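Take a look at the letters that make up each chain.
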Amino acid sequence: MYPSRFRYEAPRSLDEAIGMLHNGGDYAKVLAGGQSLVPLMKLRFASPELVVDINNVPGLDYHRADPDGTLHVGALCRHVDLEHSELLKTYQPTMAAAAPLIADPIVRNRGTLVGSLCHADPQGDWASVVMALGGSIVAQGPGGRRAIPIAGFVTGPFQNVLEPDEIAVEAVIPAAKGMRAGGYLKLERRVGDFATVGVAVAVETAGESVTRAGIALTGVGGSTIDASAAADALVGRPLTAESIGRAADLAAEAARPRTDHRGSAEYKRHMVRTFVTRILGRIEPAQERAA
Amino acid sequence: MTQALDEIKIGGLGASRKRVEDDRFIRGKGNYTDDITLPGMLHMEILRSPLAHARIKSIDASKAWDIPGVHLVLTGEMMATRNLAWMPTLSYDTQAVLATDKVRFQGQEVACVIADDPYIAKDACEAIDVDYEPLPVIVNPKQSVADGAPVIRDDKENQPDNVIYTWEVGDAAGTDRAFEQADKVSRLQLHYPRSHPSPIECCGSIADFNRATSKLTVYMTTQAPHIIRAAVALVAELPEHMIRIISPDIGGGFGNKVPVYPGYVCSILASILLECPVKWIEDKTGNLISTGFARDVYLDGEMALRNDGKILGVRMRCDADHGAFFSDAQPSKFKLGLIHSAFAAYDIPVAHLMARGTYTNKAPGGVAYRCSFRVTEAMFFQERMVQAAADDLGMDQAEFRRMNFVRDDDFPHRTPLGFLTDSGQYGKCLDVALEAVGYENFRKQQQEARAKGRLLGLGISTMTEPLGAGNSREYDILGIKMFDSAELKVHMTGKAIVRTGARGQGQGHETTWAQIVAHELGIPAEDIVVEEGDTDTAPFGMGTYASRSTPVAGAAVAMVSRKIRAKARKLAAHLLEVSEEDIEWELGRFYVRSAPDRGVTIQECAMAAYSNMPDGMEPGLENTAYYDPPNLTWPFAVYIVTVEVDPATGVWDVLTTVAVDDCGVRINPMIVEGQIMGGLTEAYAMANMQFITFDAEGNCIGSNYMDYLLPTAWETPGFELHSEVVTPCPHHPIGAKGIGECAAVGGPAAFVNAVIDALSGTGVRNIDMPLLPDRVWEAITYHRDISGAPPVRTDD
Amino acid sequence: MTVVYEDLGDEAGEAVPIRRIRFSINGKKMVAEVEPRLLLSHLIRRGLGLTGTHMGCDTTNCGACTVQVDGRPVKSCTMLAVQVDGREITTVEGLATASELHPLQEGFKEEHGLQCGFCTPGMMMAAKALLDENPDPTEEDVRWALSGNLCRCTGYQNIVKSVLWAAAKLRSESAG
């Protein structure tokens, strides 16, 4: 319950923060929401020497859409802002479905989406959502900004590709070309539980056909699983019971679950299949949605 | 014309009086152990073993000692030089305070550090180097008794294996004969998983040894301060009168805060050595991984049945997993508590129970977690067996129970395993419950739903259980009889103070004991203050757990009030200048029978006790009563739960929960209902999500709140409570029976039976608790029973 | 005020980083000098002596430590004390005025929403955040808002009733 000793800085600008990370030595961590980092530090699973708190950096607590629909989520946008967002409820069904399922209502007041992605917990919900949407992280360092697609962002449990002196400043969800539909289902035993199985599905349709699809899985492998074969099987055709069934089977195959106290591998695969089917099955035909 | 006071208005029996305790809690002004700061106080943290079974080759604490702010590092070796490395348990075993030769469960206490603040103490714990040599691990009783199993308690003489005891109750030969006569034998095997009371507040103590006065004061999260005082006197070899145990506000007990834990002992020794107060507050991991677990018993049960549904006999074989040290807090005569109270609600001619306890590499115990010493296991086994038997016979669940109930006119009733139940109207309670849940209608809905592929289920649990341990002939803990006490002092202006030997942790004693006094003496409850928990001032009692306080301490409150009233009657006669035989009593007032307008209030009597006594009478109006209960009290309950199970996921939702509780006279109906709802929630939790398990290496899964699951307000269902049936306890002074744990005892089977009922037709007879979605799905999909016993399944 | 502590030598002193923070607690402005690793809950309980905020777990689950920071509920065990520099903290001790209890406090007493009292301050602070935003919640809204706070005693049913009681009282107070 008591973290080890560390130095602490509270910069007031991104440049200041980056400078501190650059000069900060071997083991520095960025503190945003703190709802993942502080618990780890309390259990001494993480003992950084320097903590750089970016909560006083102005202008990072936004989420907004460009005119073309590209969504930008700032580093200090809290889960609760996304949970209450009319923008998300109208235009981002997969994200809107996931936001209320993150942790619990009090933790959602502090935790951030970008922080969650950087934390790279294999059981993190947002990672599947952003992967299904084909999103990316924008990182800023001493040399400027760069965009990192989410698929290559995580290199292992709790490890990402950010340089020690880079800060993730926003997540970007690319504009949709068709009508968005989708959802996120999470098997949790109680509010605040990690997902035993979580499934994010994001599709875009034009007319009857699916023009783009993404399916990503939480909790059924050492990291978030991009069930791309399952998603690809949906593209270029209407959503039918048959195509949904095929996608569900492929998603279950892509899963790499372990048998543990949360259930057998077989059960978890079955739940992947069930969740994919349910999410896709709830998508109404195009005409009804447009109406 | 009566001038008796309105009992409800003055807060007597039956008044849903708002709680006195609330005033400080809602302001954040509670006084819990961790809220207390003493001058010069230091802080203690414990270093725990990461391994479940290992030899300790060496401990190097030198780096810990070097950290600025560290005052003392204690190891088992240091404790051993003071004969404190081991301590006796409440079950006549011994338990390690700090490990010396081996560690025997993951999380066992290995060393502790006392420092200026807990952050530094934690730093120092991390700096202690322990060299372990791993040993093979045992995580269930089958492994304990397997050939070649390592002996866990090789510290004990005459302990060649891992068996602690075998115990037998009932009539083996008679039961065998009954089974020979049976038309059908119904058999069920299951595991009541390891659980933990897990109050939100963890355990802790502040030990303060004053060298100048030689007095040791310990603030402690304890439900039984007097037992602790005696234990400390034994273990620390300090004179009992120089020990003061103060139990301040407690943030929930549920049995977790009854045993003596190594942390308490270490903080006491540290205080003595350092001559200053030492505070130890454990964290949740320490609490879950090392303190009194509950349950973890395996059942193999058989019921001999006649074709018409009559139960002819019952056989139970129970295997109890006690972890590394046998430290059950329970009456000494019964090795597995009151597990033989199973089937007390049914009129069964003969029964036989055999129990065996074994050591494993897990936390020691178990405690009575919101139960009267293993009664949770007894009633769960009972109602699961009853469900299976009714199904095996093809009989209706409700009618099978009803026809076997003990009849209303059959009390007191001797059970085949040796208990005497006191009173009840079991059939009426069942009627109320069936009507409330709409039984007939539900069965129709269930059938229609099944035709559409929806799985609805209904589960019943009916039971009577023994509360209020207990009579001195049969009940004692470490030889100390289980009476309880109350001291009542009425001041000259008629206000009063009551102290008892109980120690509430949320049950509302400060509110309810005053109500009993109000009932007996007519003094308004708001004029009575209640205190508990300080061994220097409270009369001797055995504490609050196992729902024993209303039955025993509450009875003592009534009895001491009657002693006061008897003396007040003499004072009244003196004031009214008549003889005692001419005096009548009505609530709050004595009056002259032949001239009812001539009377004196209880307050006037009180004043007289200090200012106008008759010749020869001792002044004052104060007294004490010690109550040795003649018997246990036997509340009865019917719990009915309806659920819907999603066959695709195994997730089940509760539709309705109906509870009919007959606990005799209810002192404060609002508080009684609060207790029932709390118990139902724990029942739901145990049935749905809450348990501790282990992998093959003895790693504890369930040692923090991410893994040990407690339901939130979102998952927890709503409850419909019924109080129509009131059968007073014939031997309790105010007719009350215990109630605090009933729903936790009887509830789990109702939830489990409902899910099993939803699955009827699949051939599934049992799924071990908790009925997690993956277990339910596997049962439905493969038509097989699901066991939850450790070790956890893995891919290998 | 005078602070006295043991002199552990210059080396020991330099190893411990200290930061000065300014914040307001229940309306009162304070300054503190704290180690960065000090948890907010410990600042509140030990530094300020406000023990109404409780600690019940070590994995940010139980919510007994819930307070408000700049008007939003947070689990104070999962925030560093240094993070409240320049911010306003409200704890359970700040709910009542000098003369009156907050309707939530009254509601918990009226509807028997507490037994051991340990989760109660956290529950009330979480409930306050709900009522600040939604003065007319349904039972479902209340259960959802409190799903980050654990209780072992009450079974939640009376806690929900307590919050709804308070909501009704607050609505009638603002209407009247």
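As for the overall build of chain A
Working step 1: Broken down by element type, chain A carries 11 helices and 14 strands.
Working step 2: For 291 residues, the compact-globule estimate of 2.2 N^0.38 gives 19 Å, and chain A sits close to it at 19 Å.
Working step 3: Summarising its shape, the C-alpha atoms of chain A cover approximately 55 × 45 × 30 Å along the three principal directions.
Working step 4: Sequence-distant contacts in chain A: of pairs separated by 6 or more residues, those separated by 24 or more amount to 61%.
Working step 5: Surface accessibility of chain A: about 10900 Å² in total, with carbon and sulfur atoms responsible for 51%.

Topic: the overall build of chain B
Working step 1: A count of helical and extended segments in chain B gives 19 helices and 34 strands.
Working step 2: Here chain B has a C-alpha radius of gyration of 27 Å; the compact-globule value for 796 residues is 28 Å, and the two agree.
Working step 3: By its C-alpha atoms, chain B is 90 × 75 × 50 Å across when sized along the principal axes.
Working step 4: Buried positions account for 67% of the 796 residues belonging to chain B.
Working step 5: For chain B, the accessible area works out to roughly 25300 Å², and carbon and sulfur atoms hold 49% of it.
Working step 6: Taking the average location of the 73 positive side-chain charges in chain B and that of its 107 negative ones, the two points are 2 Å from each other.

Overview of the packing of aromatic side chains
Residues and elements named next belong to chain B.
Working step 1: This structure, assessed with the given rule, holds 27 aromatic pairs over all chains.
Working step 2: Ring plane angle 50° and centroid distance 5.7 Å describe the contact between Tyr 261 and Tyr 264, whose orientation is recorded as tilted.
Working step 3: The exposure class of Tyr 261 is buried, given its relative accessible area of 5%.
Working step 4: When its relative accessible area of 1% is taken as the criterion, Tyr 264 is described as buried.
Working step 5: On the numbers, 6.1 Å between centres and 75° between planes, the contact of Phe 483 with Tyr 626 is edge-to-face. Of the two residues, Phe 483 sits in the loop between strand E22 (480-481) and strand E23 (484-490) while Tyr 626 sits in strand E29 (residues 622-627), which places them 143 residues apart along the sequence.
Working step 6: Judged by relative accessible area, Phe 483 falls into the partly exposed class, the value being 23%.
Working step 7: Directly above the ring of Phe 25 sits Arg 24, whose terminal nitrogen or CZ lies 4.8 Å from the centroid.
Working step 8: Lying across the ring of Phe 691, Arg 775 places its NZ or CZ 5.2 Å from the centre.

Remarks on the interface of chain B and chain C
Working step 1: On the side of chain C, 47 residues touch chain B, which itself brings 60 residues to the contact.
Working step 2: At the boundary of chain B with chain C, total buried surface from both sides reaches about 4600 Å², with 58% on carbon and sulfur atoms.
Working step 3: Looking at the side of chain B facing chain C, the largest losses of area belong to Ile 26, Tyr 119 and Ile 200 of chain B, adding up to 18% of the total buried there.
Working step 4: Where chain B touches chain C, the interface holds 5 salt bridges.
Working step 5: The salt bridge involving Arg 152 of chain C is made with Glu 682 of chain B; its shortest N-O contact spans 3.5 Å.
Working step 6: Seen at the junction of chain B and chain C, the total is 26 residue pairs in polar contact (both at pLDDT 80 or more).
Working step 7: Mapped onto the side of chain B that touches chain C, the elements with two or more residues apiece are helix H1 (22-25), helix H4 (118-126), helix H9 (284-290) and helix H17 (669-688) of chain B.
Working step 8: In terms of residue count, H17 of chain B provides more of the side of chain B that touches chain C than any other element does, 8 residues in total.

What about the domain arrangement of chain A?
Residue and element names in this part refer to chain A.
Working step 1: Under the domain assignment used here, chain A contains domain 1 (7-50), domain 2 (63-173) and domain 3 (179-290).
Working step 2: One C-alpha centre belongs to domain 2, the other to domain 3; they are set 19 Å apart.
Working step 3: Across the boundary between the two partners, domain 2 contributes 23 residues, which contact 28 residues of domain 3.
Working step 4: With both chains or domains summed, domain 2 and domain 3 bury close to 2000 Å², and 57% of this area falls on carbon and sulfur atoms.
Working step 5: Between Asp 125 and Lys 186 there is a salt bridge whose closest N-O contact spans 2.9 Å.
Working step 6: Taken together, the connections running from domain 2 to domain 3 amount to 10 residue pairs in polar contact (both at pLDDT 80 or more).
Working step 7: Broken down by element, the residue count for the side of domain 2 that touches domain 3 peaks at 6 residues, all from helix H7 (residues 125-132).
Working step 8: Here the residues of the side of domain 2 that touches domain 3 are counted per class, giving 14 nonpolar, 6 polar and 3 charged.

What to know about the sheet that holds strand E6 (residues 136-141) of chain A
Residue and element names in this part refer to chain A.
Working step 1: The strand order across the open sheet built from 5 strands is E4-E5-E10-E6-E7, with neighbouring strands paired in antiparallel fashion. At either margin of the open sheet sits one strand with a lone partner, and together these are strand E4 (63-65) and strand E7 (144-149). Within this sheet the neighbouring strands show an average axis-to-axis angle of 25°, counted without direction.
Working step 2: In the sheet, E6 pairs with strand E10 (residues 167-173) via 5 bridges, with the strands oriented antiparallel. For Ser 136, the partnering residue across the bridge sits in E10 and is Val 172.
Working step 3: Packed on one face of the sheet, helix H1 (residues 14-23) meets E6, E7 and E10 and runs near 125° to E10.

Topic: the sheet that holds strand E30 (residues 636-645) of chain B
As a general point, the strands of a sheet are linked pairwise by backbone hydrogen bonds and lie either parallel or antiparallel.
All names here are of chain B.
Working step 1: Taken together, the 4 strands give an open sheet; going across it, the order is E20-E30-E31-E34, and neighbouring strands pair in mixed fashion. Since the sheet does not close on itself, it has two edges, and those belong to strand E20 (455-464) and strand E34 (720-722), each with one partner. Taking the axes of each pair of neighbouring strands and ignoring which way they run, one obtains an average angle of 15° across the sheet.
Working step 2: Alignment of strand E31 (residues 652-662) against E34, held across 3 bridges, turns out to be parallel. Looking across to E34, one finds that Ala 659 is bridged to Leu 721.

As for the state of the cysteines
Working step 1: Per the counting criterion, the structure on display carries 0 disulfides over all chains.
Working step 2: Cys 112 of chain B provides the cysteine sulfur closest to Cys 125 of chain B, a residue in no disulfide bond, and the two sulfurs are 7.7 Å apart.

Quick word on the side chain of Glu 778 of chain B
Residues and elements named next belong to chain B.
Working step 1: Inspection of the secondary structure assignment puts Glu 778 in helix H19 (residues 773-782).
Working step 2: Residue classification places Glu 778 among the buried positions, given a relative accessible area of 7%.
Working step 3: Within the structure, Glu 778 has its side chain in polar contact with the side chain of Arg 784 (distance 3.0 Å).
Working step 4: Those residues within four positions of Glu 778 in sequence are excluded, and the remaining contacts are His 783, Arg 784, Ile 786 and Arg 793.

Details of the environment of Pro 733 of chain B
Working step 1: Looking at the secondary structure, you find Pro 733 of chain B in the loop between E34 and helix H18 (742-758).
Working step 2: Excluding its chain neighbours within four sequence positions, the residues that come into contact with Pro 733 of chain B are Ala 555, Ala 558, Met 559, Arg 562 and Tyr 627 of chain B.

Quick look at the environment of Lys 29 of chain A
Working step 1: On the secondary structure map, Lys 29 of chain A appears in strand E2 (residues 28-31).
Working step 2: Taking the C-alpha atoms as reference points, Lys 29 of chain A and His 270 of chain A, 241 residues apart in sequence, are found 38 Å from one another.

Comments concerning the domain arrangement of chain B
Residue and element names in this part refer to chain B.
Working step 1: We note that the domain assignment places domain 1 (22-30 + 484-627), domain 2 (33-135 + 202-250 + 257-290) and domain 3 (294-467 + 632-782) within chain B.
Working step 2: On a C-alpha basis, the centres of domain 2 and domain 3 stand 37 Å from each other.
Working step 3: When the two sides are added together, the surface that domain 2 and domain 3 hide from each other amounts to roughly 1900 Å², 61% of it contributed by carbon and sulfur.
Working step 4: Our enumeration of links across domain 2 and domain 3 arrives at 10 residue pairs in polar contact (both at pLDDT 80 or more).
Working step 5: Where the side of domain 2 that touches domain 3 is concerned, the elements lending two or more residues are strand E5 (94-96) and H9.

A word on the packing of helix H4 (residues 120-133) of chain C against helix H6 (residues 157-175) of chain C
Residue and element names in this part refer to chain C.
Working step 1: At a minimum axis separation of 11 Å, H4 and H6 run at an interaxial angle of 45°. It follows from the interaxial angle that H4 and H6 lie oblique. H6 is crossed by H4, and the crossing has right-handed handedness. Taking contact as the criterion, the partners of Met 123, Ala 127, Leu 130 and Leu 131 in H4 are, on H6, Ile 159, Val 163, Ala 166, Ala 167 and Leu 170.
Working step 2: Taken together, the residues that form the contact of H4 with H6 break down as 9 nonpolar, no polar and no charged.

Some details on the interface of chain C and chain A
Working step 1: Taken together, the contact between chain C and chain A spans 35 residues of the former and 36 residues of the latter.
Working step 2: A combined buried area of about 2900 Å² lies between chain C and chain A, and 58% of that area is made up of carbon and sulfur atoms.
Working step 3: Three residues stand out in chain C for area buried against chain A, namely Arg 37, Arg 72 and Trp 144 of chain C, and they jointly supply 21% of the buried area on that side.
Working step 4: At the boundary of chain C with chain A, the tally comes to 3 salt bridges.

Some remarks on the environment of Arg 110 of chain A
Working step 1: Positionally, Arg 110 of chain A belongs in the loop between helix H5 (93-98) and helix H6 (113-119).
Working step 2: On the accessibility criterion, Arg 110 of chain A (11% relative accessible area) is buried.
Working step 3: The spacing of Arg 110 of chain A and Val 154 of chain A is 44 residues in sequence and 23 Å in space, taken between C-alpha atoms.
Working step 4: Discounting chain neighbours no more than four positions away, the residues touching Arg 110 of chain A are Ala 32, Gly 33, Gln 35, Asn 55 and Arg 78 of chain A together with Val 74, Met 79 and Gln 83 of chain C.

What counts, and where the lines are drawn
Residues numbered from 1 in each chain as written. Chains lettered and ligands numbered in written order. Predicted model: local features only at pLDDT ≥ 70, side-chain atom pairs only at ≥ 80, totals over all residues. Heavy atoms only, no water. Helix = DSSP H or I, 4+ residues; strand = E, 2+ residues; numbered from the N terminus. Rg over C-alpha atoms; globule rule 2.2 N^0.38 Å. Contact = heavy atoms within 4.5 Å. Areas by Shrake-Rupley, 256 points an atom, 1.4 Å probe, with all protein chains shown as cover. Buried < 20%, exposed > 50% of the residue type's maximum accessible area, 1.4 Å probe, protein only. Lys, Arg positive; Asp, Glu negative; His and termini not counted. Charge placed at Lys NZ, Arg CZ, Asp CG, Glu CD. Phe/Tyr/Trp six-rings, centres within 6.5 Å; stacked < 30°, edge-to-face > 60°. Lys NZ or Arg CZ within 6 Å of the ring centre and 35° of its normal. Buried area = accessible area lost by both parts, 1.4 Å probe. Salt bridge = Lys/Arg side-chain N within 4 Å of Asp/Glu carboxyl O. Polar contact = N/O pair within 3.5 Å; in protein donor to acceptor, adjacent residues only side chain to side chain. Domains from an automatic or database assignment. Nonpolar A, V, L, I, M, F, W, Y, C, P; charged D, E, K, R; others polar. Pairing = 2+ DSSP bridges. Axes fitted to C-alpha atoms, helices over the stretch in contact; angles between N-to-C directions. Disulfide = S-S within 2.5 Å. Parallel < 35°, antiparallel > 145°, perpendicular 65-115°, else oblique. Left-handed = near helix turned anticlockwise from the far one by under 90°.

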